Amino acid sequence: MDSGPTLTPREKLEAWLRYYDDLNLGAFYTDRRTMAKRPSTRAAEISTAAIPVMRRPMAGVTQPKNAPPVSVLPVVNAASLFEVLDHVEGDTLERIRGDLGECTRCRLHEQRNKIVFGQGNPRAELVFVGEGPGHDEDVQGLAFVGRAGKLLTQMIEAMGLTREQVYICNVVKCRPPENRKPEDDEVATCSPYLFRQLDVIAPKAIVCLGLTAAQALLKTKDSISRFRGEWFDYRGTKLLATYHPAYLLRNPNAKGEVWKDLQKVMAHLGLQPKKASR
Ligand code: SF4
């Protein structure tokens, strides 16, 4: 399998700096004093101590003997990145998509056909978040358009909504090969764009479809049975996790549990179930 061009340490460093620039995190590695001058109170709460600094030399970079540890790049942990993203002012879905570009930030770009950014109402009250694109999504560049997508459409319509009224996206935006689960580093690399999407849309409720989405947003490694069907807080928005439609295709007996979960969401949104047509 072609693993793509081998980057020199300098090219890797430049790629990382571009990535941080894309996320408006340049202030952290260029001049932290500018952050202190920002008027936002949240900015003042972010201490530099919350931003661990990588003190290992990058692979392939020769260090002088007895050299002191060198701060090569700041590595913003998930919690602090979460905070920082509050400061992406005037963000829009178009801008986030533009920042992604023809993304090569993780290995999932190597075999993808199309980036699946997400689609639907940019002011949706309800957002569904899945794991990642499958074959059909990769071909079409649209989220949830395969068999599992058709089932999701039925679930949405049963709630009295249409796909156009909600927003549908995934944690990772490129198809994992063989539909495998995305690796932790792939989730960590791609999920900041999901966080930004959710911040821009500002829905009333988020439904995580499956374990990967729930773990990424709730920052947990618990199994889905520990939190499925319960309300959680995601940065002030109610979040509920349920089974992925692909799981329901394999385990149709679980549809009843999912319907109970969706009824909780409907109650929160003040929705009436769609009346069965005669
Ligand atoms: S999965 Fe996300 S981070 Fe990885 S290449 Fe695709 S868009 Fe970029």
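The following refers to the structure shown. (Residues numbered from 1 in each chain as written. Predicted model: local features only at pLDDT ≥ 70, side-chain atom pairs only at ≥ 80, totals over all residues. Heavy atoms only, no water.)

We now examine the site of the ligand. Taken together, the neighbourhood of the ligand is formed by Leu100, Cys103, Arg105, Cys106, Leu108, His109, Arg112, Lys173, Cys174, Thr189 and Cys190. Split by residue class, the shell around the ligand holds six nonpolar, two polar and three charged. (Near = heavy atom within 4 Å. Nonpolar A, V, L, I, M, F, W, Y, C, P; charged D, E, K, R; others polar.)

Counting along an α-helix, one turn takes 3.6 residues, and residues three or four places apart therefore face a common direction. Across its 18 residues, helix 9 (residues 184–201) extends 25 Å between first and last C-alpha, which sits within 8% of the 26 Å expected from 1.5 Å per residue. Bending of helix 9 peaks at approximately 40 degrees at the position of Cys190, with proline Pro192 no more than four residues after it. Of all 18 residues in helix 9, 14 are buried, a share of seventy percent or more. Immediately beyond the C-terminal end of helix 9, within one or two residues, lies Ala202, with a positive phi of roughly 50 degrees. (Helix = DSSP H or I, 4+ residues; strand = E, 2+ residues; numbered from the N terminus. Expected span 1.5 Å × (residues − 1). Bend = angle between axes of the 7 residues up to and from the residue. Buried < 20%, exposed > 50% of the residue type's maximum accessible area, 1.4 Å probe, protein only.)

All right, on to the environment of Asp184 then. Considering the arrangement of structural elements, one finds Asp184 in helix 9. Separated by 3.0 Å, the side chains of Asp184 and Lys221 make a polar contact. (Polar contact = N/O pair within 3.5 Å; in protein donor to acceptor, adjacent residues only side chain to side chain.)

Our next topic: the packing of helix 9 against helix 10 (residues 211–218). Where helix 9 contacts helix 10, the two axes come as close as 11 Å, and the packing angle between them is 75 degrees. One way to sum up the angle between helix 9 and helix 10 is to call them roughly perpendicular. Two secondary-structure elements touch here, helix 9 through Val187, Leu194, Phe195 and Leu198 and helix 10 through Thr212, Ala216 and Leu217. The residue inventory of the contact of helix 9 with helix 10, partitioned by class, reads six nonpolar, one polar and no charged. (Axes fitted to C-alpha atoms, helices over the stretch in contact; angles between N-to-C directions. Parallel < 35°, antiparallel > 145°, perpendicular 65-115°, else oblique. Contact = heavy atoms within 4.5 Å.)

The sheet built from six strands is open, its strands ordered 3-5-4-6-8-7 with mixed pairing. What marks the edges here is a single partner per strand, and that holds for strand 3 (119–120) and strand 7 (231–234). (Pairing = 2+ DSSP bridges.)

A few words on the packing of helix 6 (residues 93–100) against helix 9. The N-to-C vectors of helix 6 and helix 9 enclose an angle of 170 degrees; their axes lie 9 Å apart at closest approach. As summarised for this structure, helix 6 and helix 9 are arranged roughly antiparallel, according to the angle between their axes. At the point where helix 6 passes helix 9, the crossing takes the right-handed sense. Here helix 6 contributes Leu93, Arg95, Ile96, Asp99 and Leu100 to the contact with helix 9, which in turn contributes Tyr193, Arg196, Gln197, Val200 and Ile201. Classifying every residue of the contact of helix 6 with helix 9 by side-chain character gives six nonpolar, one polar and three charged. (Left-handed = near helix turned anticlockwise from the far one by under 90°.)

Right, let's talk about the pattern of salt bridges for a bit. Within this structure, the stated rule accounts for 13 salt bridges. Between Arg196 and Asp99 there is a salt bridge; the shortest N-O distance is 2.7 Å. Of this pair, Arg196 sits in helix 9 while Asp99 sits in helix 6; the two residues are 97 residues apart in sequence, bridging distant segments of the chain. Classification of Asp99 as buried rests on a relative accessible area of 17%. When salt bridges that share partners are traced, they join Asp91, Arg95, Asp99 and Arg196 into one network. (Salt bridge = Lys/Arg side-chain N within 4 Å of Asp/Glu carboxyl O.)

Attention now goes to helix 10. Burial within helix 10 is extensive, with seven of its eight residues counted as buried. Within the span of helix 10, buried status applies to Thr212, Ala213, Ala214, Gln215, Ala216, Leu217 and Leu218. As for helix 10, its buried residues are in contact with strand 4 (126–130), helix 9, strand 6 (205–209), helix 11 (224–227), strand 7 and strand 8 (237–242). Lys219 occupies a position one or two residues after helix 10 and carries a positive phi of about 55 degrees.

This part is about the nonpolar core. As a rule of thumb, nonpolar side chains are buried together in soluble globular proteins. With 61 residues, the main nonpolar core has Leu126, Phe128, Val129 and Leu217 as its most contacted residues. Broken down by element, this core gets its largest block of residues, eight residues, from helix 9. Sequence-distant contacts of Phe128, defined by excluding residues within four places in its chain, comprise Leu152, Ile156, Met159, Val166, Tyr167, Ile168, Cys169, Val207, Leu209 and Leu262. (Core = buried A, V, L, I, M, F, W, Y, C linked by side-chain atoms within 4.5 Å.)

Once that is clear, we can look at the environment of Asp199. Considering the arrangement of structural elements, one finds Asp199 in helix 9. We classify Asp199 as partly exposed; its relative accessible area is 31%. Each C-alpha atom, one on Asp199 and one on Leu93, is 9.7 Å from the other, the two residues being 106 residues apart in sequence. Within the structure, Asp199 has its side chain in polar contact with the side chain of Arg235 (distance 2.7 Å).

Per the stated rule, a full pass over the model turns up two aromatic pairs. For the pair Phe227 and Phe232, a centre-to-centre distance of 6.0 Å together with 90 degrees between the ring planes defines the contact as edge-to-face. When its relative accessible area of 3% is taken as the criterion, Phe227 is described as buried. Its relative accessible area of 31% is what places Phe232 among the partly exposed residues. (Phe/Tyr/Trp six-rings, centres within 6.5 Å; stacked < 30°, edge-to-face > 60°.)

Once that is clear, we can look at unusual backbone geometry. A positive phi angle, close to 55 degrees, is found at Glu178, a residue other than glycine. Judged by relative accessible area, Glu178 falls into the exposed class, the value being 73%. With a phi angle near 60 degrees, Asn179 is a residue other than glycine that sits in the positive phi range. Within the element layout of this structure, Asn179 appears in the loop between strand 5 (167–170) and helix 9.

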